[in-house]
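Now for the letters of each chain:
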Amino acid sequence: MSNPLNASRPAAATSLTLVVRTMLLAIPLITLALWFVLAADGLGPFPPVWAPLVVLAVAAGAYSLCELIGFRAAPLEHGGRPAEVEAESWRRFTSSTFVRFAICEAVFLISLPLAFVVDSFWVVLVGAVLALPLVALEVLPGARNQQRFAAALEARGVPSYLTGRPQDY
């Protein structure tokens, strides 16, 4: 028997990871581009305290939303072949992943207009520094996120096969 940690990942997991990592790459790239626009002298002076606090509050709200409702799903119904159930589970997980990504990316997106309002690159930098780990924690389809979502799908006792099939272990 093989170890579940060494089991090959489903194609859906691999492609979803690739898509999320690619979307995650936009945050540092936009941050770099805005450095040329907003940072005249290095990073410049720190902005009024309220601007980074707004970004921090949005980050706390995004984290709370993802933790409280980001992994909720209607339980799977009994019946169906394992391949169909697995495909449905991955479809729901992918949909949930994109919703969580939008919530987490809002932290960075809100920092952009705020940076122009206070004319400071620091706000963009704070938004990027808060959004990157938030996306990594809440969105990347790792074992933690798959297990949390699988638990919601399996509430009625129907296996979701989201974390693998019995023959994979």
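Everything numeric here is computed off the predicted structure, so don't read it as measured data. Within each chain, residue numbers correspond to sequence positions counted from 1 in written order. Confidence filtering applies because this is a predicted model: local features only for residues at pLDDT of at least 70, side-chain atom pairs given and counted only at 80 or more, and all residues used for totals across whole chains, interfaces and linings. Each side-chain value is derived from all of the structure's non-hydrogen atoms; neither hydrogens nor water enter the calculation.

### Some points on a nonpolar patch on the surface
Then, number 1: Residues qualify for a patch when their relative accessible area is over 30% and they have no salt bridge, like charges being joined within 9 Å and the nonpolar side chains of Val, Leu, Ile, Met, Phe, Trp and Tyr within 5 Å. Only the protein chains shown count as cover for residues, and all accessible areas are computed by the Shrake-Rupley method using a 1.4 Å probe. Whenever Lys or Arg places a side-chain nitrogen within 4 Å of a carboxyl oxygen from Asp or Glu, that contact is recorded as a salt bridge. A cluster of nonpolar side chains, Leu32, Trp35, Phe36, Val37, Leu43 and Phe116, forms an exposed patch at the surface whose accessible area comes to about 610 Å².
Then, number 2: Among the elements that line the nonpolar patch, the one with the most residues is helix H1 (residues 11–38), at 4 residues.
Then, number 3: Each helix is a run of H or I in the DSSP string that is no shorter than four residues. Each strand is a run of E no shorter than two, and both are numbered from the N terminus. For phenylalanine 116, the position within the fold is in helix H3 (residues 82–118).
Then, number 4: Only protein chains enter the accessibility calculation, which uses a 1.4 Å probe; a residue whose area is less than 20% of its type maximum is buried, one above 50% is exposed, and one in between is partly exposed. Classification of phenylalanine 116 as partly exposed rests on a relative accessible area of 46%.

### Looking at the nonpolar core
Then, number 1: Val107, Phe108, Val123, Val124 and Leu162 are the most contacted members of the largest nonpolar core, which totals 40 residues.
Then, number 2: Elements with a minimum of two residues in this core: H1, helix H2 (50–69), H3, helix H4 (121–138) and helix H5 (143–153).
Then, number 3: Here valine 124 is in contact with Thr31, Leu34, Leu38, Phe108, Ser111, Leu112 and Ala115, once residues within four sequence places are set aside. Throughout, nonpolar core names a set of buried Ala, Val, Leu, Ile, Met, Phe, Trp, Tyr and Cys residues whose side chains join them through atoms within 4.5 Å. Contacts: residue pairs with any heavy atoms within 4.5 Å of one another.

### Let's talk about the side chain of serine 96
Then, number 1: For serine 96, the location among the structural elements is in helix H3.
Then, number 2: Judged by its relative accessible area of 10%, serine 96 falls in the buried class.
Then, number 3: Residues within four places of serine 96 in sequence aside, it is in contact with Gly70 and Phe149.

### Let's talk about the packing of H3 against H4
Then, number 1: Note on geometry: axes are C-alpha line fits, over the in-contact stretch for helices, and angles between N-to-C directions span 0 to 180 degrees. Running from N to C, H3 and H4 point in directions that differ by 180 degrees, and their axes come no closer than 8 Å. Looking at the two axes, H3 sits roughly antiparallel to H4. Each of Arg100, Phe101, Cys104, Val107, Phe108, Ser111, Leu112, Leu114, Ala115 and Val118 in H3 lies in contact with H4, whose residues at this interface are Val123, Val124, Gly127, Ala128, Leu130, Ala131, Leu134, Val135 and Glu138.
Then, number 2: Just so you know the grouping, Ala, Val, Leu, Ile, Met, Phe, Trp, Tyr, Cys and Pro go in nonpolar, Asp, Glu, Lys and Arg go in charged, and all remaining residues, Gly too, go in polar. When the residues that make up the contact of H3 with H4 are grouped by side-chain class, the tally is 15 nonpolar, 2 polar and 2 charged. Oblique is the label for every angle not falling under 35 degrees (roughly parallel), over 145 degrees (roughly antiparallel), or within 65 to 115 degrees (roughly perpendicular).

### Regarding H3
Then, number 1: For H3, built from 37 residues, the straight-helix expectation of 54 Å at 1.5 Å per residue is met to within 8% by its first-to-last C-alpha distance of 54 Å.
Then, number 2: Throughout, the bend at a residue refers to the angle made by two axes, fitted to the seven residues ending there and to the seven starting there. Its maximal kink placed at alanine 106, H3 deviates by approximately 35 degrees.
Then, number 3: Aspartate 119 sits one or two residues past H3 and shows a positive phi near 55 degrees. Every helix has an expected span of 1.5 Å times one less than the residues it contains.

### Side note on the environment of serine 89
Then, number 1: Looking at where serine 89 falls in the secondary structure, it is placed in helix H3.
Then, number 2: Note: C-alpha distance between serine 89 and proline 159 (70 residues apart in sequence) is 9.5 Å.
Then, number 3: Apart from residues lying up to four places away in sequence, serine 89 is in contact with Leu76, Phe149, Leu153, Ser160 and Leu162.

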